[in-house]
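# Architecture and fold: a report
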Amino acid sequence: MSPETTPVAIIGAGPAGLLLSWALRDAGINSIVVENRSQEYVLARIRAGVLEQGSVEYLTRLGLGDRLKVEGMEHDGIYLQYGGERHRVDFNDLIGRTVTVYGQQQVVKDLVAAHEGAGSTIYYEATDVAVHDLESATPSVTFVYDGEQHTLAADFVVGADGFHGICRASIPASALTLFDRSYPFAWLGILADVAPSTDELIYALHEDGFAMHSMRSPEVSRLYLQVDPGDDIANWSDERIWQALQTRLGVAGWTLAEGAITDKSITPMRSFVASTLAHGSLFLVGDAGHIVPPTGAKGLNSAISDVTQLAEALTAHYKNDDALLGRYSETALARQWRVQQFSRWMTDMLHRSPGDLQSDRFDYRSQVGQLDYVTHSAFAQRMLAEQYTGLRL
Ligand code: APR
Ligand code: PHB
């Protein structure tokens, strides 16, 4: 088969790849997306659910805001809970900004529908995906689709293929350093058919560990529990999950309503950053370049931020200005390191270290001290508000 040509070949149809392709289309630049999973699989993945105000604005500007506007739940703040007491941090009051609770799954659904309506080229279930000649100005992508070998000749290849993808791995080891941090805990997440028992998200530090109450709609709740990273979901009956949630989220005078659990899984946590998001004609966006623990809800928002910057840089390139593209990695990583710091801070403040559970309780007392400070200092609350609703650099 003779090669297809496209300005931008995008590997991965997660939120980062689908959004970049859509943003480029909006700027009049064609792209082709190659994804190794099926469309059904991509649509079924349940992930995080909080959009920063800037993310909402960007999606809306690109014409992706119709359902988000109706079904997204705008929240003015969050609750921080510890020592059996719940405290509210009001972002809107503090800095005039809000967040919107709207599942990543819904963002992907909107993107898939938009691309289908526009007739975009997205190859799902591609196998043997490989990238070539990335250090040249004529990179290419090869893959097998429907039993046929395909070649895409492109100006640029974008790795939107997540943490386990092939693109970051194709950068020579001599040109790449990986920074990472692991955590001695994981999140057990559930979806339940029950109206949320809260109007805004609750992040709770309890002596037994972290718990959180989020939501997906007025009828569906999303809840999380800190568990051991080696734990097996089979050890967690629905009854045990609700019991732990009741204990860790409980405060006097409040009831957590229970409902049928429709999904449950355990996800490990890590912090990870690649030292570069650019190599020759290759650019990385989203989880391919960095991962955060979910406590600050920054994974999807970081992917959107990368896409915002790369789409703008590629648009400038096709208007003969390469300055932004030359700075993409540096600019995106500078923002990402601030996000990393925030996600780590939120995570460390709200989780119990397993060693500390058994032995002395210094860490826990110190975490309570920190939460006391954050919930009582206007300065500290403002710092949280600025970062949670999205840094504008
Ligand atoms: N070839 C083609 N596609 C691939 C390959 C490959 N070799 N390897 C991975 N992919 C696909 C995956 O199947 C997936 O659909 O790339 C896509 C990557 O999507 P995500 O993992 O969702 O990553 P990203 O789009 O960067 O989204 C980041 O997802 O994990 C969450 O918290 C994270 O919210 C953040 C968001
Ligand atoms: C979610 O709703 O899934 C969610 C919300 C906030 C977080 C993480 C996950 O910090």
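All figures in this text were calculated on a predicted structure; none of them were measured in a lab. (Residues numbered from 1 in each chain as written. Chains lettered and ligands numbered in written order. Predicted model: local features only at pLDDT ≥ 70, side-chain atom pairs only at ≥ 80, totals over all residues. Heavy atoms only, no water.)

Running from amino to carboxyl end, helix α8 (residues 299-317) crosses helix α9 (residues 323-350) at an angle of 165 degrees, the nearest separation of the two axes being 9 Å. The angle between α8 and α9 places the two elements in the roughly antiparallel class. For the pair α8 and α9, the crossing hand works out as right-handed. The residues of α9 that touch α8, namely those facing Ser 302, Ser 305, Asp 306, Gln 309, Leu 310, Glu 312, Ala 313, Leu 314, Ala 316 and His 317, are Leu 324, Leu 325, Tyr 328, Thr 331, Ala 332, Arg 335, Gln 336 and Val 339. The class makeup of the residues in the contact of α8 with α9 is nine nonpolar, six polar and three charged. (Axes fitted to C-alpha atoms, helices over the stretch in contact; angles between N-to-C directions. Helix = DSSP H or I, 4+ residues; strand = E, 2+ residues; numbered from the N terminus. Parallel < 35°, antiparallel > 145°, perpendicular 65-115°, else oblique. Left-handed = near helix turned anticlockwise from the far one by under 90°. Contact = heavy atoms within 4.5 Å. Nonpolar A, V, L, I, M, F, W, Y, C, P; charged D, E, K, R; others polar.)

Residues in close proximity to ligand 2 total 15 residues, the closest being Tyr 203, Ser 214, Arg 216, Tyr 224 and Pro 294. One of the side-chain nitrogen or oxygen atoms of Tyr 203 is found 2.6 Å away from an oxygen atom of ligand 2. Note that an oxygen atom of ligand 2 is positioned 2.6 Å from one of the side-chain N or O atoms of Ser 214. In isolation ligand 2 has 280 Å² of accessible area, and contact with the protein removes 100% of it. (Near = heavy atom within 4 Å. Polar contact = N/O pair within 3.5 Å; in protein donor to acceptor, adjacent residues only side chain to side chain. Areas by Shrake-Rupley, 256 points an atom, 1.4 Å probe, with all protein chains shown as cover.)

The next subject is the sheet that holds strand β15 (residues 221-227). Overall, mixed pairing links the eight strands, which are arranged β6-β5-β13-β14-β15-β12-β16-β19 in an open sheet. A strand with exactly one partner marks an edge of an open sheet, and here the two such strands are β6 (85-90) and β19 (290-291). Examined bridge by bridge, strand β5 (residues 77-82) and strand β13 (residues 202-206) share four bridges and lie parallel to one another. From the neighbouring strand, Leu 80 faces β13, where its bridge partner is Tyr 203. Relative to the sheet, helix α7 (residues 238-249) contacts β5, β6, β12 (178-193), β13, β14 (209-215), β15 and β16 (260-274), its axis offset from that of β15 by approximately 85 degrees. (Pairing = 2+ DSSP bridges.)

Under the local residue numbering, the UniProt record ascribes the feature "domain: FAD-binding" (unreviewed entry) to residues 6-343. Secondary structure content for residues 6-343 is 31% helix and 34% strand, while the C-alpha to C-alpha distance between its ends is 37 Å. (UniProt positions renumbered as here; feature names shortened; annotations may be inferred.)

Here the focus is the domain arrangement of the protein chain. Parsing the protein chain into structural domains produces domain 1 (4-75 + 99-180 + 271-345) and domain 2 (183-269 + 352-389). Computed over C-alpha atoms, the centres of domain 1 and domain 2 are 29 Å apart. Residue-level contacts link 24 residues of domain 1 with 23 residues of domain 2. The largest share of the area that domain 1 buries against domain 2 comes from Ile 46, His 75 and Trp 345, three residues that together contribute 30% of it. Put simply, domain 1 and domain 2 have zero salt bridges between them. Applying the counting criterion to the domain 1 and domain 2 interface returns eight residue pairs in polar contact (both at pLDDT 80 or more). Looking at the side of domain 1 that touches domain 2, the elements that each hand over two or more residues are β3 (50-52), β4 (73-75), β7 (99-101) and α9. Per element, the largest residue contribution to the side of domain 1 that touches domain 2 is five residues, and it comes from α9. Residue classes in the side of domain 1 that touches domain 2 are distributed as 11 nonpolar, eight polar and five charged. (Domains from an automatic or database assignment. Buried area = accessible area lost by both parts, 1.4 Å probe. Salt bridge = Lys/Arg side-chain N within 4 Å of Asp/Glu carboxyl O.)

Contact geometry for helix α1 (residues 15-26) and α8: axes closest at 9 Å, N-to-C directions at 30 degrees. Considering their axes alone, α1 and α8 lie roughly parallel with respect to each other. Crossing of α1 against α8: the hand is right-handed. The segment α1 lies against α8, with Pro 15, Ala 16, Leu 19, Leu 20, Ala 23 and Leu 24 engaging Leu 300, Ala 303, Ile 304, Val 307, Leu 310, Ala 311 and Leu 314.

What follows deals with the environment of Arg 327. Locating Arg 327 in the fold gives a position in helix α9. Sequence separation between Arg 327 and Ala 313 is 14 residues; the distance between their C-alpha atoms is 8.7 Å.

What follows concerns the sheet that holds β4. Strands sit in the order β3-β7-β4 across an open sheet of three strands; the sheet is antiparallel. Each edge of the open sheet carries a strand with a single partner, namely β3 and β4. Between one strand axis and the next, the sheet turns through 30 degrees on average, direction left out of account. The sheet contact formed by β4 and β7 spans three bridges and is antiparallel. Looking across to β7, one finds that Met 73 is bridged to Val 101.

This part takes up the site of ligand 1. Near ligand 1 there are 22 residues, and of these Glu 35, Arg 45, Arg 47, Gln 104 and Asp 287 occur at the shortest range. The contact in question runs from an oxygen atom of ligand 1 to an N or O atom on the backbone of Pro 15, over 3.3 Å. At 2.8 Å from an oxygen atom of ligand 1 is found a side-chain nitrogen or oxygen belonging to Arg 47. Burial of ligand 1 by the protein amounts to 87% of the accessible area it has alone, namely 720 Å². When residues of the shell around ligand 1 are traced back to their parent elements, those giving at least two are α1 and α8. Partitioned by chemical class, the residues of the shell around ligand 1 number eight nonpolar, eight polar and six charged.

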